[in-house]
Structure formats: structure tokens, C-alpha cells
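Coordinate inspection notes
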Amino acid sequence: TCSLGRLASYYVDVRNALHILAALQFAHAHNIRLSIKNTGHDFFGRSVAPNSLVIWMHNLYTLKFYKNFTASNCPSANSQNVGEMGAGVIAGDAFQYFSTQGMDITGGFEATVGLAGGYGQGGGLGSFTTTYGLMVDNAVEFEVVTADGEVRIINKCNNPELFWAMRGGGGGTFAVLTKYRVQLFPSLPIHVYTFNAAFTGAEYFPASFSVSLVSVYGDDSKLKNTTASFAQFLNSRTDLNVSENDYISYPTYANYLSVTQAVAGATEPAGIFSILGSRLIPRSIFTAPDPVDALVDRVIKGIATVRSLIPLTGTQVVLESPLSNLNSSNATLAHPAWRDAIWHVIHVGEWRELLAPAVLKNATNGFLQLLDPLKALTPNGGVYLNEAHYEEPEWQETFFSSKYDALLKIKNNHDPTHIFDCWKCVGWRGEQE
């Protein structure tokens, strides 16, 4: 026998807002659970649910560029160089299209992710984050269909509380987003420092490591000056078998996509199972030797722990954080821990075949427990809600900070019957729902 598992049985192939309205009316009338899916790049599986009706957004595939943009009933949101994406547009196509206009969009590394879905509503992290902020920081206006079936244009003037909530509060729970309008930036060259090596000593664990540092700048001098001492340190080691150590520049990010796609294809092939555990590490940890030593020790222990749980593992220390955009006006809902984060530590486990239930449970618990030392080091901290542990017990605070209650109020105002619901999203009422 075979089963759909967690997949839904029926999908509405949305081509316009009327299709969404029809799906909402049908779900209301028959008390059917709804899910909202774009590309399905979600580590929590929030875009699917068993026995649900899926609003499938992937064919809302329009791209527009506004040299001079006029916001809906909101002169203060008027801007130059604004891009518009239908909900189904993936990152690679957005980068390519806006590159033809001489512009960059604050998209992410993985070219097949839909930018307007959970990515663009849950934060939006990528190579441009340190320079321009998260994608939600650059959101200008959304077109949405709310739970009452109304098509609304929301921005900082129209339904500002809903616009605020959808700029970091996550996708799939407040409304169905159909169009995402976002600030663009003039294209700049992309400069990359890459180092790959394997340890030659048998006592080392893990066996290999990689470094990839990306700079968005007019020339490569900034990257080379910043990494000079680090590169010299790596080159002087005698216990490394170096396979790559170079600087490469690309005219635009669109030209860099072939590299990102190759890496993503190798590390995250289609059909693979994944589990994550992550934490944002604040600047304060790096101001004295003792907390730095404690951090390094805990990360290394985490690396050893994940390998004892899952055969195929990796640990990333991501240096992409919106330090240049402090969100001082509270314009977006992204977790405040982002604004002071230097490191984004992510432990990953992957497997290709179904694990025995006991093995999976042990791995799930193990990934939760390895986060406890990092949580103790970063009290009142947080995570990137799109790259977190799906069984995080303190998810309201960890994903959304102290702003969760305000978000829940907005959720209840705009979706009082909770027709939009997903795993540990704002308003989630537990597995029994």
C-alpha cells in the first residue's frame, strides 16, 4: 500500500485572486483546513498538511520593474527602483529579471526558493543582508487576500498593522499574499573568497571544512583586505590538504547563480530529509575571550553531537545578519536578535531513506538538547524562524520575541476563525488542530 503521508489530497491551482476567494468560500462552507503553498521550501513542512485543501501559488508568476513607484494611497511609500513579484516567482528568475534592469533584489542563496512566500514574509536572508538588511526590511507594499475574501493593498498607510505583521511574522497565517513589492538596489559586482580543505590528521573531526565569504562591492579590495590575515593563517597550516583557495569576482549576482545552484544541488538534493537546530549569536559574546571560548567549545560539541545522531551532518556559521539595518523605527517584525547577531549557527542533519521511528525521535530530541548550551549563552535570544528546530518548545519567544502577543492580536483581528493555520505559526493552537 502507499500513502500521501503529510501531503494534501487536493490543490487549487491559483491563477488570479478569484481562485483564492473560491477556495476560501469552499473551505468556510465545509470546515476544511487550508494550507498555502508556493514552492514548498520549508523545513517545518508548513506549506502542506494532511487532509487539507492547498492554495497553490506557484503559477502567479509575474515580474515588473517600476523606475518610479507610486504606492497605493500612501505618498510616503512612493519610491524609485521598486520590483514587483507575483507570489510564485523563484529567486533565480527574480535575480535574472531585475539584473536586466540593472538592479539587485535582496533574495537568498537558493535559486529555487519562492521569494514572496515564507522567505519574504519570515525574514529573508542572503548575501545582501549585511548591506541592505533582510528582505522584509525592504518590503514596500503587498497585495493580499484576507480571510474575509477581500483583495487588499497593504503598506505602511493602509492596514499598517497587517503590513507590519507580514514583514517578519511568517507566511501562511495572516493572509494569502499575491504580489510582493520590494525596494531594489543598483547592481554591484559580487566578490567571493572560497577555501576548501580536508584535515590530514586522523585525530581531527570533522574531516573537512569550507569557507565562502561574499562581498557586494565595487571591487574586490574590501574582501581581500578583510580576509588577508585569515587567508594567511589557513595557508600556513601544515595539517590541511587544500583543494581550493581563491578569490573570484562576478559582474552581478545573476552571474553568480550558477555557483549557488551547484552548491545547493550538492548539499540539498531533491527528496532529502532534513533536521535543523540553530541560534543567533549576539555581538556581546565577541567582546571578551571567555565568552568566545565558551561559544567555540559549544559549537564544537554540537558538531560532534549531531554526527552521533545522524550519519550525514554539517554545521554552518553564517555571517549574514542585518547589522546595517537596526530597525530602530520598529517597521518590521523580524526577531530583534537579528539586529545584534554576528553569527548564525546552524547544525544540520540529512538522510535519504526513512528512519525508524525510534531513531528519528532520538535525533529530534538530540538536536533540541544540543541547543541548550547555546541558549544558556544567549538568554532572551532567538533564531531565524525559517531555519530553526521544528519542535522548539519555546517557539513563541524564540521565533517571534516578546512581540508574539501583538502578532496574535493582529492574527485574531484578520482571521478570527483561524482558517489560515500552520505549524508553530502565529496563532497555532497545537497538533490537535
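Residues numbered from 1 in each chain as written. Predicted model: local features only at pLDDT ≥ 70, side-chain atom pairs only at ≥ 80, totals over all residues. Heavy atoms only, no water.

Now for the packing of aromatic side chains. For the coordinates displayed, the defined rule picks out 24 aromatic pairs. With 4.8 Å between their ring centres and 35 degrees between their planes, Y193 and Y247 make a pair best called tilted. One end of the pair, Y193, is in strand β11 (residues 190–199); the other, Y247, is in strand β13 (residues 240–250), with 54 residues separating them in the sequence. In this structure Y193 comes out as buried when scored by relative accessible area, which is 0%. Classification of Y247 as partly exposed rests on a relative accessible area of 31%. Every member of this aromatic cluster is reached through a ring pair, and the members are F44, W395, F399, F400, Y404, W423 and W428. Its guanidinium or amino end placed over the ring of Y247, K224 lies 5.5 Å from that ring's centre, counting from NZ or CZ. (Phe/Tyr/Trp six-rings, centres within 6.5 Å; stacked < 30°, edge-to-face > 60°. Helix = DSSP H or I, 4+ residues; strand = E, 2+ residues; numbered from the N terminus. Buried < 20%, exposed > 50% of the residue type's maximum accessible area, 1.4 Å probe, protein only. Lys NZ or Arg CZ within 6 Å of the ring centre and 35° of its normal.)

Where burial is concerned, most of helix α3 (residues 115–122) is hidden: seven out of the eight residues are buried. Along α3, the positions that sit buried rather than exposed are L115, A116, G117, Y119, G120, Q121 and G122. Looking at the buried positions of α3, the neighbouring elements they touch are β5 (79–86), α2 (91–100), α5 (160–166) and β9 (176–183). Of the residues trailing α3, G123 is marked for its positive phi of about 145 degrees. (Contact = heavy atoms within 4.5 Å.)

It is worth spelling out the sheet that holds strand β14 (residues 273–282) at this point. In space, the three strands of this open sheet follow the order β14-β16-β15, with antiparallel pairing throughout. Whereas interior strands pair on both sides, the edge strands pair on one side only; in this sheet they are β14 and β15 (312–318). Strand-to-strand twist of the sheet, defined as the mean angle between neighbouring strand axes without regard to direction, takes the value 15 degrees. Two elements, β14 and strand β16 (residues 341–351), share 10 bridges in a ladder whose sense is antiparallel. Bridging across to β16, L276 finds its partner in V348. Relative to the sheet, helix α8 (residues 289–309) contacts β14, β15 and β16, its axis offset from that of β16 by approximately 10 degrees. Strands in contact with helix α9 (residues 357–369) are β14 and β16; relative to β14, the strand with the most contacts, it is inclined by about 5 degrees. (Pairing = 2+ DSSP bridges. Axes fitted to C-alpha atoms, helices over the stretch in contact; angles between N-to-C directions.)

This part is about empty space enclosed by the protein. Across all of its chains, the model carries one cavity of 30 Å³ or more by this definition. Space inside the largest cavity adds up to approximately 40 Å³. The wall of the largest cavity is formed by G122, G123, G168, L333, A334, H335, W338, V383, Y384, L385 and F399. By residue class, the composition of the lining of the largest cavity is seven nonpolar, four polar and no charged. (1 Å grid on protein atoms, 1.4 Å probe; cavity = no way out; pocket = protein on both sides within 12 Å on 5 of 7 lines; lining within 4 Å. Points joined across faces, edges and corners; volume = space filled by probe spheres on them. Nonpolar A, V, L, I, M, F, W, Y, C, P; charged D, E, K, R; others polar.)

The next thing to look at is the sheet that holds strand β1 (residues 10–13). Read across the open sheet, the three strands follow the order β1-β3-β2; overall the sheet is parallel. Every other strand in the sheet has two partners, leaving β1 and β2 (34–37) as the edge strands with one partner each. Averaged over all neighbouring strand pairs, the angle between strand axes comes to 25 degrees, with direction disregarded. Here β2 runs beside strand β3 (residues 53–56); their pairing, made up of four bridges, is parallel. By the bridge assignment, S35 is partnered in β3 with V54.

Moving on, we come to the pattern of salt bridges. Inspection of every chain in the model, using the stated rule, returns 13 salt bridges. The shortest N-O distance in the salt bridge between D42 and R46 comes to 2.9 Å. The class of R46 is buried, set by a relative accessible area of 12%. Among the ionic contacts, a cluster of salt bridges with common partners joins E84, E141 and R181. (Salt bridge = Lys/Arg side-chain N within 4 Å of Asp/Glu carboxyl O.)

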